[in-house]
Amino acid sequence: MRVDLVLENWRLFAAGTWMTLQLTFLALLVGFCIALPSGIARARKTPVWSQLINGYVYLFRGTPLLVQTFLIYYGLSQFEWIRDSWAWTFLRSPWWCALIAFSLNSGAYATEIIRGAIETTPRGEIEAANALGLSKRQVDFLVLIPSAMRRALPQYGNEVVFMVHGTAVASVITIQDILGAGRTLNARFYLAYEGFLTAAALYMLITFCLVFLFRQLERHYLRHLRPRSA
């Protein structure tokens, strides 16, 4: 194990880690903005919108993230009208293609998480809010959504971890993320596994931090659901 080479090239892995975190959290942010209204519409079975969202969710949950990234990065460039449009300013960049693919993928999974959380909201909470004379908008933003988000924390924590691991796909479209940094180190110095082991260690460290963070959030926001000791 050539630890000396890993240490000498720490800037390579630092830049890769920053790229991974950047793609992860931006994709989760955009994905959540997609998922919240979509999850509400799915839970309420809004006419037309519910069916369109169901198709979107099925498409992105039913195909691998790698295929989605390839279709956006390689596939869209085959259309001349796209290359001649304003969208080509973004779609010519592998970073933007990765962000779009990751955001749409995360949004699809998060939509189902939020839908399930909303559908399992105790009816008594909504009835109590209505009894207080709250408007429909107030019930949604003050009762329904906060209650659903608390219950969705464990599942959404898993989605965050999956997205961190999923960003490794970015390395196959020339983005220098954590895995890309590991592959570059191996190629530069003709190594077999040092770069991959370092990448694995970094992914494990990020995952550990995220799991710890979500455990703390669950302990704080879901403590009322834990059984009381006698």
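Throughout, residues of each chain are indexed from 1 in the direction in which the sequence is written. With pLDDT at 70 or above as the cut-off, local features in this predicted model cover only qualifying residues; side-chain atom pairs require 80 or more to be listed or tallied, and sums for whole chains, interfaces and linings still use all residues. Think of the side-chain values as coming from all heavy atoms in the structure, minus any hydrogens and water.

Draft legend 1. Quick peek at the packing of helix 2 (residues 10–43) against helix 7 (residues 94–119). Relative orientation of the contacting elements helix 2 and helix 7 amounts to 40 degrees, with a least axis distance of 5 Å. Between helix 2 and helix 7, the angle is such that the two are oblique. Relative to helix 7, helix 2 is oriented so that their crossing is right-handed. Under the scheme applied, nonpolar residues are Ala, Val, Leu, Ile, Met, Phe, Trp, Tyr, Cys and Pro; charged residues are Asp, Glu, Lys and Arg; polar residues are all the others, including Gly. Residues that form the contact of helix 2 with helix 7 fall into these classes: 20 nonpolar, eight polar and four charged. Note on geometry: axes are C-alpha line fits, over the in-contact stretch for helices, and angles between N-to-C directions span 0 to 180 degrees. Helix and strand definitions follow DSSP, with helices as H or I runs of at least four residues and strands as E runs of at least two, each counted in order from the N terminus. By the definition adopted for this analysis, an angle is roughly parallel if under 35 degrees, roughly antiparallel if over 145, roughly perpendicular if from 65 to 115, and oblique otherwise. Take the far helix as the reference: if the near one is turned anticlockwise from it by less than a right angle, the crossing is left-handed, and if turned clockwise, right-handed.

Draft legend 2. Fine view of the nonpolar core. Put simply, buried Ala, Val, Leu, Ile, Met, Phe, Trp, Tyr and Cys residues joined by side-chain atoms within 4.5 Å make one nonpolar core. For the exposure calls, accessible area comes from a 1.4 Å probe over protein chains only, and a residue counts as buried if that area is under 20% of its type's maximum, exposed if over 50%, partly exposed in between. Among the nonpolar cores identified, the biggest contains 44 residues, and Leu 23, Leu 91, Phe 102, Ile 118 and Tyr 156 are the most heavily contacted of them. Those elements giving two or more residues to this core turn out to be helix 2, helix 4 (65–75), helix 6 (88–91), helix 7, helix 9 (136–166) and helix 11 (194–221). For this core, the element with the highest residue contribution is helix 7, accounting for eleven residues. Here Leu 91 is in contact with Ile 72, Leu 76, Ile 82, Cys 97 and Ile 100, once residues within four sequence places are set aside. For this analysis, residues touch if any pair of their heavy atoms sits within 4.5 Å.

Draft legend 3. Quick peek at the pattern of salt bridges. Within this document, salt bridges are pairs made up of a side-chain nitrogen of Lys or Arg and a carboxyl oxygen of Asp or Glu, the two lying within 4 Å of each other. According to the stated counting rule, one finds eight salt bridges in the structure shown. Between Glu 119 and Lys 45 there is a salt bridge; the shortest N-O distance is 3.8 Å. Placement of Glu 119 in helix 7 and of Lys 45 in the loop between helix 2 and helix 3 (49–62) is noted, with a sequence separation of 74 residues between them. When the shortest N-O distance is used, the salt bridge between Glu 112 and Arg 61 registers 3.8 Å. Of the two residues, Glu 112 is situated in helix 7 and Arg 61 in helix 3; the sequence distance between them amounts to 51 residues. For Glu 112, a relative accessible area of 14% gives the class buried. Taking the relative accessible area as the measure of exposure, Arg 61 reaches 40% and is therefore partly exposed.

Draft legend 4. How the structure looks around the packing of helix 2 against helix 9. Interaxial distance between helix 2 and helix 9 falls to 12 Å at its minimum, and their mutual angle equals 145 degrees. Once helix 2 is placed against helix 9, the crossing between them reads as right-handed. Of the residues in helix 9, those touching helix 2 at Thr 20, Thr 24, Ala 27, Leu 28, Phe 32, Leu 36 and Ile 40 are Ile 145, Met 149, Tyr 156, Val 160, Met 163 and Val 164. Among the residues making up the contact of helix 2 with helix 9, the classes are represented as eleven nonpolar, two polar and no charged.

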